[in-house]
Amino acid sequence: MNCKKCTIKAVIGLPRHNAAFCKACFNEFVLEQVTRAIKGERMFGRDDRILVAVSGGKDSLALWDILLKLGYKADALYVDLGIPGYSTKSREKAQRFADGVARTHEAKLLIHKVEEEEGAGIRELADLIHRPTCSTCGTIKRYQFNRAAVEQHYDVMATGHNLDDEASRLLGNVLHWQEEYLDKQGPSLPASVEGFAKKVKPLYRLSEREVAAYSVLNRIDYIVDECPMAKGSKMLLYKDVLNRLETESPGTKQAFYCGFLEKQARAPRQGSGQAQPAPASMAEKDRATLHPCATCSQPTTAEICSYCKMMARAKAGSTR
Ligand code: AMP
Ligand code: FES
Ligand code: ZN
């Protein structure tokens with residue numbers, strides 16, 4: 001198998017693109033796909049300050065690496081969730097990248113420790129409020145990402161979600177007809193109201209396998225283990241189903257997710273009969289109902305935001 005571009009020996013085959021690449025041409029392909037995502041979805045520009053959420057895993061560290069290589073101003077945030085063993089290991093990976101590649105680009109890593117801020121790690125917090133660890137974790141991460149980006153004046157918050165993440169999430173939303181979530185799903189969500197950071201997913205055009213190959217070929221030292229709490233999750237099942245379809249018919253994942261994005265962009269805005277991207281109508285809805293949380297000042301539709309409610313319940317639980 002030879003490289004489609006330069007004909008030397010290929011290191012990776014990409015059936016969905018009917019192509020194979022050597023290391024240099026594969027790296028070029030990856031950078032092109034990310035550039036296409038950034039420009040096509042108007043994610044950010046050269047002067048914008050980007051905050052990359054890094055988990056220590058392959059996707060987010062690859063994203064930080066790619067953005068720095070492309071010359072963007074990108075710092076990173078690691079949220080230490082206090083998961084015994086896993087958090088220490090993943091934080092070390094993020095720190096190692098920050099001390100190496102990122103330092104040569106003068107980029108810095110911010111670390112937020114949930115245990116220091118809230119007095120307990122997510123497992124304990126989830127127990128105290130009787131909620132599954134993963135959903136507690138999701139609320140905490142979303143809150144931490146947004147607060148850090150807004151308080152430290154970043155223009156945009158970037159996560160390492162790849163094509164497999166987005167396609168499996170879409171499958172879950174379609175299977176359960178979660179229309180509200182479908183409305184909000186996309187690679188670029190604008191800062192709908194004051195206090196909400198713009199959120200982007202520049203790896204959405206690359207599959208998990210492609211991002212893993214990029215990380216290995218470029219010697220990015222990442223945590224290979226999945227979070228121990230993710231075992232048996234629905235998302236892993238949906239990913240598995242999509243991978244089986246992909247093996248049978250290469251290109252299925254991309255056709256599914258990108259087809260959704262095209263339809264979403266053409267969808268008429270309710271009542272207007274005009275074509276409008278869904279996030280614009282969401283922004284209007286949000287603006288009408290959001291106001292600052294009485295406890296932390298982050299935007300919320302209720303008097304107290306879901307994060308502060310959660311923490312109040314955890315505190316009440318721990319003093320019982
Ligand atoms: P996940 O929800 O674990 O699939 O992660 C999706 C994305 O969220 C990753 O690619 C990261 O950008 C970000 N992320 C996940 N966990 C963390 C963390 N502990 N700290 C910072 N960013 C994270
Ligand atoms: Fe959140 Fe595993 S990373 S529960
Ligand atoms: Zn709050």
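Preceding block: the structure.
## Observations concerning the sheet that holds strand 7 (residues 188-189)
Sheet strands pair via backbone hydrogen bonds, and the direction of the pair is either parallel or antiparallel.
At step 1: Spatially, the six strands line up as an open sheet ordered 5-4-3-6-8-7, and their pairing is mixed. Edge positions in the sheet fall to strand 5 (109-113) and strand 7, since each has one partner strand and no second.
At step 2: Alignment of strand 3 (residues 49-53) against strand 6 (residues 156-158), held across three bridges, turns out to be parallel. If you follow Val 52 over to strand 6, its bridge partner there is Ala 158.

## Here we look at the pairing of strand 3
At step 1: Within strand 3, four of the five residues are buried, leaving the element largely enclosed by the surrounding structure.
At step 2: Where strand 3 and strand 4 (residues 73-80) come together, five bridges link them in parallel fashion. Within strand 4, the residue paired with Ile 50 across the bridge is Ala 74.
At step 3: With respect to chirality, the unit in which strand 3 leads through helix 2 (residues 58-69) into the neighbouring parallel strand 4 is right-handed.

## Some words on the coordination of the zinc ion (ligand 3)
A metal bound by six donors in octahedral fashion has ideal angles of 90 or 180 degrees, whereas one bound by four tetrahedral donors has an ideal angle of 109.5 degrees.
At step 1: Protein coordination at the zinc ion (ligand 3): the donors are Cys 293 (SG), Cys 296 (SG), Cys 305 (SG) and Cys 308 (SG), at 2.2 to 2.4 Å from the metal.
At step 2: The coordination sphere of the zinc ion (ligand 3) comprises four donor atoms, whose angles at the metal cover 104 to 115°; the geometry is tetrahedral.
At step 3: Along the chain, the residues donating to the zinc ion (ligand 3) are arranged with the sequence spacing C-x2-C-x8-C-x2-C. Within this pair, whereas Cys 293 is found in the loop between strand 9 (291-292) and strand 10 (299-300), its partner Cys 308 is found in helix 13 (residues 306-319), the two being separated by 15 residues in sequence. The exposure classification of Cys 293 matches that of Cys 308, with both residues buried.

## Let's talk about the packing of aromatic side chains
At step 1: Overall, the coordinates contain seven aromatic pairs when judged by the stated rule.
At step 2: For the pair Tyr 204 and Tyr 257, a centre-to-centre distance of 6.1 Å together with 70° between the ring planes defines the contact as edge-to-face. Remark: Tyr 257 occurs in helix 11 (residues 252-266) and Tyr 204 occurs in the loop between strand 8 (198-200) and helix 9 (208-217); sequence separation between them is 53 residues.
At step 3: A relative accessible area of 5% places Tyr 204 in the buried class.
At step 4: Against the face of Tyr 72 rests Arg 46, its NZ or CZ located 4.2 Å from the ring centre.
At step 5: Across from the ring centre of Tyr 154, 4.0 Å away, lies the NZ or CZ of Arg 49, which sits over that ring.

## Considering the site of ligand 1
At step 1: The immediate surroundings of ligand 1 are formed by 13 residues, with Ala 53, Val 54, Val 79, Phe 145 and Gly 160 found nearest.
At step 2: Backbone polar atom of Ala 53 to an oxygen atom of ligand 1: 2.5 Å apart, as the coordinates give it.
At step 3: In the complex, the protein chains occlude 75% of the 480 Å² of accessible area that ligand 1 would expose alone.
At step 4: At three residues, the largest contribution of residues to the shell around ligand 1 is made by strand 4.
At step 5: Considered class by class, the residues forming the shell around ligand 1 number seven nonpolar, five polar and one charged.

## Quick look at the pattern of salt bridges
At step 1: Taken as a whole and judged by the stated rule, the model has 20 salt bridges.
At step 2: A salt bridge links Asp 65 to Lys 69; its shortest N-O distance comes to 2.9 Å. In this pair, Asp 65 and Lys 69 both sit in helix 2, four residues apart, roughly one turn of the helix.
At step 3: Take Asp 65: its relative accessible area is 4%, and that puts it in the buried class.
At step 4: For Glu 118, the salt bridge goes to Lys 315, with nearest N and O atoms at 3.7 Å. Of this pair, Glu 118 sits in helix 4 (residues 114-118) while Lys 315 sits in helix 13, placing them 197 residues apart in sequence.
At step 5: Here Lys 315 falls in the partly exposed class, since its relative accessible area comes to 48%.
At step 6: Residues participating in the shared-partner salt-bridge network are Lys 58, Asp 59, Asp 165, Glu 208 and Lys 239.

What counts, and where the lines are drawn
- Residues numbered from 1 in each chain as written.
- Chains lettered and ligands numbered in written order.
- Predicted model: local features only at pLDDT ≥ 70, side-chain atom pairs only at ≥ 80, totals over all residues.
- Heavy atoms only, no water.
- Pairing = 2+ DSSP bridges.
- Helix = DSSP H or I, 4+ residues; strand = E, 2+ residues; numbered from the N terminus.
- Buried < 20%, exposed > 50% of the residue type's maximum accessible area, 1.4 Å probe, protein only.
- Right-handed = clockwise from strand over helix to strand, strands pointing away.
- Donors = N, O, S within 2.8 Å, 3.2 Å for Na, K, Ca; no water.
- Tetrahedral: all angles 85-135°; square planar, octahedral: opposite > 155°, others 65-115°.
- Phe/Tyr/Trp six-rings, centres within 6.5 Å; stacked < 30°, edge-to-face > 60°.
- Lys NZ or Arg CZ within 6 Å of the ring centre and 35° of its normal.
- Near = heavy atom within 4 Å.
- Polar contact = N/O pair within 3.5 Å; in protein donor to acceptor, adjacent residues only side chain to side chain.
- Areas by Shrake-Rupley, 256 points an atom, 1.4 Å probe, with all protein chains shown as cover.
- Nonpolar A, V, L, I, M, F, W, Y, C, P; charged D, E, K, R; others polar.
- Salt bridge = Lys/Arg side-chain N within 4 Å of Asp/Glu carboxyl O.

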